[in-house]
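# Observations on chain architecture
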Amino acid sequence: MSTSFNPPEFSRFRRYSLIVGLVALGLFLVGMIGHHREFHQAYLFAYTFWLGISVGSLALLMLQHMTSGGWGFVIRRVLEASTRVLPVMAILFLPILLGAHYVYPWTDHEEALRLGDKTKYLNLTFFIVRAILIFGSWLALTFFLNRWSLLQDQSGDQYYTKRMRVQSGPGMVLLIFTITFASIDWYMSLEPEWFSTIYGFIYVAAWTVSALAFVIATMAILSKYEPLNHIVAPLHFHDLGKLLLALVMLWSYFAFSQFLIVWSGNLPEEIGWYTRRMHGVWGTLIVVVVLLHFALPFLLLLSRSLKRDPRKLIIVAVMILVMRVIDLLWMIEPSFSPEKIAPFHVSWMHPVGLVAIGGLWLAMFTRELSRRPLIPLNDPQYESVLEQAHAGHAGH
């Protein structure tokens, strides 16, 4: 049994991620010359995908503290490192504010006059205030959960365990509310005349499933190396696979419920959002998402042997992450088209932006992950999880 719980050496991966991210960012900024609107639209899409992993990790972190499951114990450090990228993501939100008039139609004076009373909510000043409050709440939750986890490591005092558990209940409620407001402000308002009461819950589920898929992929890689190869057992991946199945079903339920309610209501101001996205390439993409984001993962994750095998589970996790990119593109990009049936248009800046922000995000993530032991050493669950790991490896 290894006595070292220090993380593997990430410096090479971090260096490569940073170089790739900066090179892609340079190309991305070059693309902005003469194409400001296209740049900011691609930036919003790319930014949203990586932000979702950090915010979803915060949701999973609080869920772990509330349930105290062994599955959460082994992934806590990955979740905490992911949440600690949020300060950088808050800074990277500034281009969205600076380029709001390229993205949000309600910033145009004539459009604002047509919207009438909606401008009491949809105006740039109030938009900025709400963004500050949203990021402020996320950063506050991140700060206290990470600080108390570090103090627990240093002192072994179970007082901090209780503090994290007590904060996580109301913190989860706050997180759901803030994600809902963020999705309304940053994405639903791209088409200010359209509305949906379920839209925010779709983002809550989508961001959480993105985070879990990323964590599973990360853990499948880390579990090959010291110290996690002695600690993470097949039963932990089995639990993570079951949670992934539950979250995939939850996302599917919210997405289908919105479609069913809007379509059965058959109101012109509501069904337009779907008619813009159900023809041509957009219609093909959503069929692909239904098949590869719900149907196939649902069938695969019913298998007990697949959930216990990280080599197979990582394939499902990566597939879901790819589908999250496509689904996000499907939700956001047609909003920028003035036509009633949106033509398919994705520029080279969309994948470049995804790589640019992703390279920076992964560099920061690995930097934060390397700063603490990969296992919360003084957590009350420590001994029981190690016993489970021994039993799991022996049984496997």
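Keep in mind the model is a prediction, meaning the values are calculated, not measured. (Residues numbered from 1 in each chain as written. Predicted model: local features only at pLDDT ≥ 70, side-chain atom pairs only at ≥ 80, totals over all residues. Heavy atoms only, no water.)

### What to know about the overall build of the protein
Broken down by element type, the protein carries 17 helices and 0 strands. Since a compact globule built from 396 residues should have a radius of gyration of about 21 Å, the 21 Å found for the protein is in line with a globular shape. Taken along the three principal axes of its C-alpha coordinates, the protein extends 65 × 40 × 40 Å. By sequence separation, contacts in the protein at least 24 residues apart represent 82% of the contacts at least 6 residues apart. Just so you have it, the protein exposes about 17200 Å², and 68% of that area is on carbon and sulfur atoms. Of the side-chain charges in the protein, 29 are positive and 24 negative, and the distance between the mean point of each set is 7 Å. (Helix = DSSP H or I, 4+ residues; strand = E, 2+ residues; numbered from the N terminus. Rg over C-alpha atoms; globule rule 2.2 N^0.38 Å. Contact = heavy atoms within 4.5 Å. Areas by Shrake-Rupley, 256 points an atom, 1.4 Å probe, with all protein chains shown as cover. Lys, Arg positive; Asp, Glu negative; His and termini not counted. Charge placed at Lys NZ, Arg CZ, Asp CG, Glu CD.)

### Description of the confidence of the model for the protein
Chain-level statistics for the protein give a pLDDT mean of 92 and a share of 95% at 70 or above. The spread of mean pLDDT over the elements of the protein runs between helix 17 (residues 382-395), the lowest at 64, and helix 4 (residues 86-91), the highest at 98. (pLDDT = per-residue confidence, 0-100.)

### Digging into the nonpolar core
In this structure, Leu-51, Tyr-104, Trp-138 and Trp-186 are the most contacted members of the largest nonpolar core, which totals 126 residues. Once residues within four sequence positions are removed from consideration, Leu-51 is found in contact with Leu-86, Met-89, Phe-135, Trp-138, Trp-186 and Trp-207. (Core = buried A, V, L, I, M, F, W, Y, C linked by side-chain atoms within 4.5 Å. Buried < 20%, exposed > 50% of the residue type's maximum accessible area, 1.4 Å probe, protein only.)

### Some remarks on helix 10 (residues 199-222)
In this model helix 10 runs 35 Å from its N-terminal to its C-terminal C-alpha over 24 residues, within 8% of the 34 Å that 1.5 Å per residue would give. Counting buried positions over the 24 residues of helix 10 gives 22, a clear majority of the element. (Expected span 1.5 Å × (residues − 1).)

### What about the side chain of Thr-83?
Secondary-structure assignment places Thr-83 in helix 3 (residues 70-83). Among the polar contacts listed, one links the side chain of Thr-83 to the backbone oxygen of Glu-80, at a separation of 2.7 Å. What Thr-83 contacts, discounting residues up to four positions off in sequence, is Ser-54, Ser-57, Leu-58, Leu-61, Thr-142 and Asn-146. (Polar contact = N/O pair within 3.5 Å; in protein donor to acceptor, adjacent residues only side chain to side chain.)

### Things to note about the packing of aromatic side chains
This structure, assessed with the given rule, holds 40 aromatic pairs. The ring centre of Tyr-16 lies 5.8 Å from the NZ or CZ of Arg-15, which sits over that ring. For Arg-277, the ring lying beneath its charged end belongs to Trp-273, and the centroid distance is 3.9 Å. (Phe/Tyr/Trp six-rings, centres within 6.5 Å; stacked < 30°, edge-to-face > 60°. Lys NZ or Arg CZ within 6 Å of the ring centre and 35° of its normal.)

### Section: a nonpolar patch on the surface
Together, Tyr-16, Ile-19, Val-23, Leu-27 and Trp-348 give the surface a local cluster of nonpolar side chains, amounting to about 530 Å² of exposed area. Mapped onto the fold, Ile-19 is located in helix 1 (residues 11-32). With relative accessibility at 45%, the residue Ile-19 sits in the partly exposed group. (Patch = residues over 30% accessible without salt bridge, like charges linked within 9 Å, V, L, I, M, F, W, Y side chains within 5 Å. Salt bridge = Lys/Arg side-chain N within 4 Å of Asp/Glu carboxyl O.)

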